[in-house]
Amino acid sequence: MPGIYQRFDTRQKIVALTFDACGGKEGSGYDKKLIDFLIQQRIPATLFINSRWIDANPELFQSLARNPLFEIENHGFLHKPLSVDGRSVYGIAGTRDVAQVVDEVMINERKIERLTGRKPMFFRPGTAYFDDVAVEIVHQLGLKPLNYDVLGDAGATYNTAQVKRALLSVKPGSIVLLHMNMPRGDTAEGVIQAIPLLKKRGYRFVLLQEVAGQLRS
């Protein structure tokens, strides 16, 4: 859909890794193995964090926000698909009207800014779904609607081989969607296996804020 950024223009072998933390009863975990690997290997990553995950993990959130390897971005208030008619995606009801769209974006934006001193630049909704009106609202609120061109772990349901295969499919300018809130999944192991191979291919990793001017839908 026009107006949603999915990758960035470059001829260099650079890739943006993004990790969602969705929050809620089933999604407020922390994949320590994954994050420790990124830190040990000095791999920068953009973290899209939901308000409910912040509330469940306040000290972890502050630790991640202080780490210069990581960029904290907005993954919404209640992890709802972003629509103006309540459209459901994967069984999750979306925002029902313009007011709920604004709340879904702005309540978490204000929280992140208050806790970190930095205003988020990007917004990715729950289930990564936008309708066309919601996209325009996000732009008017001063954020960049962000999705991906490589589905890295399908909501942390992929096994190790599938995560590895997805990561190895990247191209220069790819944005990869993964998850950091499901430690029982195989995301960490797939990432751990794929990153050294990508490095051997000459790839390096960047934060989204570094390539914001090169984004394209």
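Residues numbered from 1 in each chain as written. Predicted model: local features only at pLDDT ≥ 70, side-chain atom pairs only at ≥ 80, totals over all residues. Heavy atoms only, no water.

Q: What is the right way to read the packing of aromatic side chains from this model?
A: Each aromatic ring pair is summarised here by two numbers: the centre-to-centre distance and the angle between the ring planes. Counted under the stated rule, the structure contains two aromatic pairs. Both rings, one in Tyr 30 and one in Trp 53, keep their centres 6.4 Å apart while their planes meet at 50°; by these two values the pair is tilted. Linking Tyr 30 in the loop between strand E2 (14–21) and helix H1 (32–40) with Trp 53 in helix H2 (residues 51–56), this pair joins segments that are 23 residues apart in sequence. Here Tyr 30 matches Trp 53 in class, with each residue buried. Seen from the ring of Phe 48, Arg 124 lies directly overhead, with NZ or CZ sitting 4.5 Å from the centre. (Phe/Tyr/Trp six-rings, centres within 6.5 Å; stacked < 30°, edge-to-face > 60°. Helix = DSSP H or I, 4+ residues; strand = E, 2+ residues; numbered from the N terminus. Buried < 20%, exposed > 50% of the residue type's maximum accessible area, 1.4 Å probe, protein only. Lys NZ or Arg CZ within 6 Å of the ring centre and 35° of its normal.)

Q: Sorry if this is basic, but what is going on with the side chain of Asn 147 here?
A: Tracing the backbone through its elements, the reader meets Asn 147 in the loop between strand E6 (144–145) and strand E7 (150–151). Of note is the side chain of Asn 147, whose polar atom sits 3.1 Å from the backbone oxygen of Ala 128. Discounting chain neighbours no more than four positions away, the residues touching Asn 147 are Ile 4, Tyr 5, Gln 6, Arg 124, Ala 128, Phe 130 and Ile 175. (Polar contact = N/O pair within 3.5 Å; in protein donor to acceptor, adjacent residues only side chain to side chain. Contact = heavy atoms within 4.5 Å.)

Q: Looking at this model, I keep getting lost on the pairing of strand E3 (residues 45–49). Mind explaining?
A: In summary, the side chains of a regular strand alternate between the two faces of the sheet. The buried fraction of E3 is high, at five of five residues. Pairing geometry for E2 and E3, over four bridges, is parallel. Across the sheet, residue Ala 21 finds its bridge partner in E3, namely Ile 49. Handedness of the E2-H1-E3 crossover: right-handed. When E3 meets strand E4 (residues 70–74), the two strands line up parallel, connected through five bridges. Within E4, the residue paired with Thr 46 across the bridge is Glu 71. (Pairing = 2+ DSSP bridges. Right-handed = clockwise from strand over helix to strand, strands pointing away.)

Q: What should I look at first to understand the UniProt feature "domain: NodB homology" (unreviewed entry) in the protein chain in this one?
A: The feature "domain: NodB homology" (unreviewed entry), as given by UniProt, occupies residues 13–206 in the numbering adopted here. Overall, residues 13–206 shows 38% helix and 16% strand. The separation of its end C-alpha atoms is 10 Å. (UniProt positions renumbered as here; feature names shortened; annotations may be inferred.)

Q: What is the right way to read H1 from this model?
A: Side chains three or four residues apart in an α-helix point the same way, a direct result of the helix having 3.6 residues per turn. Within H1 the residues assigned to the buried category are Leu 34, Ile 35, Phe 37 and Leu 38. Along the long axis of H1, the arc covered by the buried residues comes to 155°, so they all point the same way. Those residues of H1 hidden inside the fold are in contact with E2, E3, helix H3 (58–66), E4, strand E8 (175–179) and helix H7 (187–200). (Arc of directions from axis to C-beta.)

Q: Would you mind going over the environment of Ile 39 with me for this structure?
A: Tracing the backbone shows Ile 39 in helix H1. In this structure Ile 39 comes out as partly exposed when scored by relative accessible area, which is 30%. When the C-alpha atoms of Ile 39 and Phe 122 are compared, they prove to be 22 Å apart, with 83 residues separating the residues in sequence. Among all residues touching Ile 39, those that are not within four sequence positions of it are Asn 67, Leu 69 and Phe 70.

Q: Before we go on, may I ask you to explain the nonpolar core in this structure?
A: As a rule of thumb, soluble globular proteins bury nonpolar side chains together. If you look at the biggest cluster of nonpolar residues, it comprises 37 residues, and the most contacted ones within it are Leu 17, Phe 19, Leu 47, Leu 64, Leu 167 and Met 180. When residues in this core are grouped by element, the largest group, five residues, is from H7. With sequence-adjacent residues up to four places away left out, Leu 167 is seen in contact with Leu 17, Val 176, Leu 178, Gly 190, Val 191, Ala 194 and Leu 198. Counting residues in hydrophobic clusters, the runner-up holds 13 residues, among them Tyr 5, Ala 16, Ile 175 and Ala 212. (Core = buried A, V, L, I, M, F, W, Y, C linked by side-chain atoms within 4.5 Å.)

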